[in-house]
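Each chain is listed here by its residues.
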Amino acid sequence: MKFELLKIDPATGARRGRLHTPHGTVETPVFMPCGTQGTVKALSPQELEGEGVELILCNTYHLYLRPGHELIAELGGLHRFMSWPHPILTDSGGYQVYSLAELRRISEEGVSFQSHLDGSKHFLSPEKVIEIQQALGSDIIMALDECAPYPAAYEYVKTSIELTLRWARRCREAHTSRNPALFGIVQGGVFPDLRERSAEETVRIGFEGYALGGLSVGESKTQTYEVIASTAPMLPLEKPRYLMGLGPPEDLLEAVALGIDMFDCVMPTRHGRTGSLFTSQGRLNIKAARYAKEEGPVDPECDCYTCRHFSRAYLRHLFITGELLGLQLNTLHNLHFYQNLMQQVRRAIEAETFREFKAGFLAKLMQEREDNQSWVEVDKGGQEGRRPRSGKVRMKNKGSTKEVKGFND
Ligand SMILES: [Zn+2]
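Cut-offs used in this document
- Residues numbered from 1 in each chain as written.
- Predicted model: local features only at pLDDT ≥ 70, side-chain atom pairs only at ≥ 80, totals over all residues.
- Helix = DSSP H or I, 4+ residues; strand = E, 2+ residues; numbered from the N terminus.
- Axes fitted to C-alpha atoms, helices over the stretch in contact; angles between N-to-C directions.
- Parallel < 35°, antiparallel > 145°, perpendicular 65-115°, else oblique.
- Left-handed = near helix turned anticlockwise from the far one by under 90°.
- Contact = placed C-beta atoms within 7 Å.
- Nonpolar A, V, L, I, M, F, W, Y, C, P; charged D, E, K, R; others polar.
- Buried ≥ 20, exposed ≤ 12 C-beta atoms within 10 Å, placed from the backbone.
- Pairing = 2+ DSSP bridges.
- Expected span 1.5 Å × (residues − 1).
- pLDDT = per-residue confidence, 0-100.
- Core = buried A, V, L, I, M, F, W, Y, C linked by C-beta atoms within 7 Å.
- Arc of directions from axis to C-beta.

Novice: Which parts of the structure should I look at to understand the environment of C147?
Specialist: Assignment of secondary structure puts C147 in the loop between β10 (140-142) and α7 (154-174). Remark: the alpha-carbon pair of C147 and Q187, spanning 40 residues in sequence, is separated by 7.1 Å.

Novice: Any chance you could explain the packing of helix α6 (residues 126-136) against α7 here in plain terms?
Specialist: When two helices pack together, their arrangement is captured by the angle between the axes and the distance separating the axes. The contact between α6 and α7 brings their axes to 8 Å, and the two run at 45°. One way to sum up the angle between α6 and α7 is to call them oblique. Read as a crossing pair, α6 and α7 show a hand that is right-handed. Within the contact between the two elements, α6 uses P126, E127 and I130 and α7 uses W167, R170, C171 and A174. Taken together, the residues of the contact of α6 with α7 break down into five nonpolar, no polar and two charged.

Novice: Just to check I follow, could you spell out the pairing of strand β8 (residues 111-114) for this structure?
Specialist: A regular strand places its side chains so that they alternate between the two faces of the sheet. Side chains of β8 alternate between two faces, with V111 and F113 buried and S112 and Q114 left unburied. When strand β7 (residues 102-106) meets β8, the two strands line up antiparallel, connected through three bridges. In the strand pairing of β8, R105 is matched with S112. The loop that links β7 with its antiparallel partner β8 comprises four residues. Strand direction decides the pairing type here: β8 and strand β9 (residues 121-124), joined by four bridges, are antiparallel. Bridging from a neighbouring strand, V111 pairs with L124 of β9.

Novice: Honestly, the sheet that holds β9 in this entry has me stumped. Any pointers?
Specialist: Either a parallel or an antiparallel arrangement is found when strands of a sheet pair, and the pairing is made through backbone hydrogen bonds. Across the sheet, which stays open at both edges, the three strands sit in the order β7-β8-β9 with antiparallel pairing between neighbours. A single partner strand is all that each edge strand has here, and the edge strands are β7 and β9. Strand-to-strand, the axes of this sheet are offset by a mean angle of 15°, without reference to chain direction.

Novice: How should I be thinking about helix α14 (residues 324-350) in this particular structure?
Specialist: Taking 1.5 Å as the rise per residue, α14 with 27 residues should run 39 Å; its terminal C-alpha atoms sit 39 Å apart, in good agreement. Buried residues dominate α14, accounting for 20 of its 27 residues. Among the residues trailing α14, E352 stands out with phi positive, at a value near 60°.

Novice: Teacher, can you tell me more about unusual backbone geometry here?
Specialist: Only a minority of non-glycine residues have a phi that is not negative, and only a minority of peptide bonds are not trans. Residues T28 and P29 are joined by a peptide bond in cis, for which omega reads 5°. Within the secondary structure layout, P29 lies in the loop between β3 (24-28) and β4 (30-32). P67 follows R66 through a cis peptide bond whose omega is 5°. Relative to the helices and strands, P67 resides in the loop between α2 (60-65) and α3 (69-74). Of note, the phi angle at A42 is positive, near 80°, even though the residue is not glycine.

Novice: Any chance you could explain the confidence of the model for the protein chain here in plain terms?
Specialist: Caution applies to low-pLDDT regions: their predicted coordinates should not be interpreted in detail. This prediction gives the protein chain a mean pLDDT of 91; 90% of its residues lie at or above 70. Every residue in residues 370-408 is under pLDDT 50, and counting partners more than four places away or in other chains gives 74 contacts.

Novice: Quick question: what am I supposed to make of the sheet that holds strand β11 (residues 181-186) here?
Specialist: Pairing is parallel in the open sheet, where eight strands are placed in the order β4-β14-β13-β12-β11-β10-β6-β5. Strand pairing shows two members of the sheet lacking a second neighbour, β4 and β5 (56-58), which therefore form its edges. For this sheet the average axis-to-axis angle between neighbouring strands, irrespective of direction, equals 25°. Looking at chain direction, strand β12 (residues 209-212) and strand β13 (residues 241-243) are connected through three bridges and run parallel. Its bridge partner lying in β13, L212 is registered against L243.

Novice: Would you take a moment to explain the nonpolar core for this structure?
Specialist: Most often, soluble globular proteins have nonpolar side chains that are buried together. With 107 residues, the main nonpolar core has M32, I56, A143, F183, A211, L243 and F263 as its most contacted residues. Sorting elements by how many residues they give to this core places α14 first, with 10 residues. Contacts of I56, omitting those with residues within four sequence positions, involve M32, P33, G35, V40, L48, W84 and I88.

Novice: Looking at this structure, I do not really get helix α13 (residues 312-320). What am I missing?
Specialist: Residue pairs three or four apart in sequence face the same way in an α-helix, which turns once every 3.6 residues. Turning to α13, its buried residues are R312, L315, R316, L318 and F319. Projected onto a plane normal to the axis of α13, the buried residues spread over an arc of 160° and lie on a single side. The secondary structure elements touched by the buried residues of α13 are α14. Just past α13, the residue G322 takes up positive phi, approximately 70°.

Below you can see the structure in the form of structure tokens.
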């Protein structure tokens, strides 16, 4: 993989770049839809292509458990298995182990856990997650880290980043090739000195890209921005920067302005399936009775397939009756909103008008947003799976994961 840094916006520091991977080129800043189980829920690869999606995220934890990385490798790898010939990024699986799995126990060697599906016992080490991701055939793979819960005590996070660094070294040793590209993950909670230590040492190990982890897990927006603002400048200019799990549109704009290139979040797809639709005026809840007779589209400014063909009244009807088409059309619209937003972001950086674009977007949102709620207030949890629980590492899960099974992106 190669990253081309095309431009840095002089006014904000926003970056315009291009990722070259074995399965194609990705224009950055980019938003990756989540294809948790090897599918972006409710959409076909053809629809993703139609929306201009160039890179998707798939979850190692889920694919490792079902159908298994060895089976996927035997069937020709993940691209072929899911008929997605374009770039794929896989996470390490760590985040899901901390948020979904039962009876997890972290040791120097790695993390042991029981599957949230059937209670079967598993062990993931840094070497193992590299092996799994190599077998899947991803274009970008992630190092195993410990995502500390929020809130967590300083001493806990301090110990945790050292473990993450030792695991990062082992991942690097287990994967010396540049294809797939291996990204290191900077942790450190909301503590500036720990973020600094984590960033410096992760960069010293040397990766093809760097991710900021442990954000969007319950901390305040101001804290999120502060961590990004202080950490991003410690990362090498010429390497891509990926902020894991951040999703609210206004947050994406802030993070782009702070020099982030890549994002993923379950927000557009999950919200689509719950009838929560992103529009140029804010969020719209299609379930609301007031849309029962509305003939207009979800968003008059949107030119997606859903908005060009269907009324709010019809989409509400589909949702109320639980029709599958409703999930598909809602997801398509939300994804289009994100794709369109990122395209506008890239154009604005090229034209050196990003600061104005961002100010205009946020002003419109503040002025007209529905229900007086910003997107971030509606749903803070951005990363796949639930946020890690606070407390001790060794803990018994009481088994309340049913609500997220199969509905977690
Ligand atoms: Zn639309």
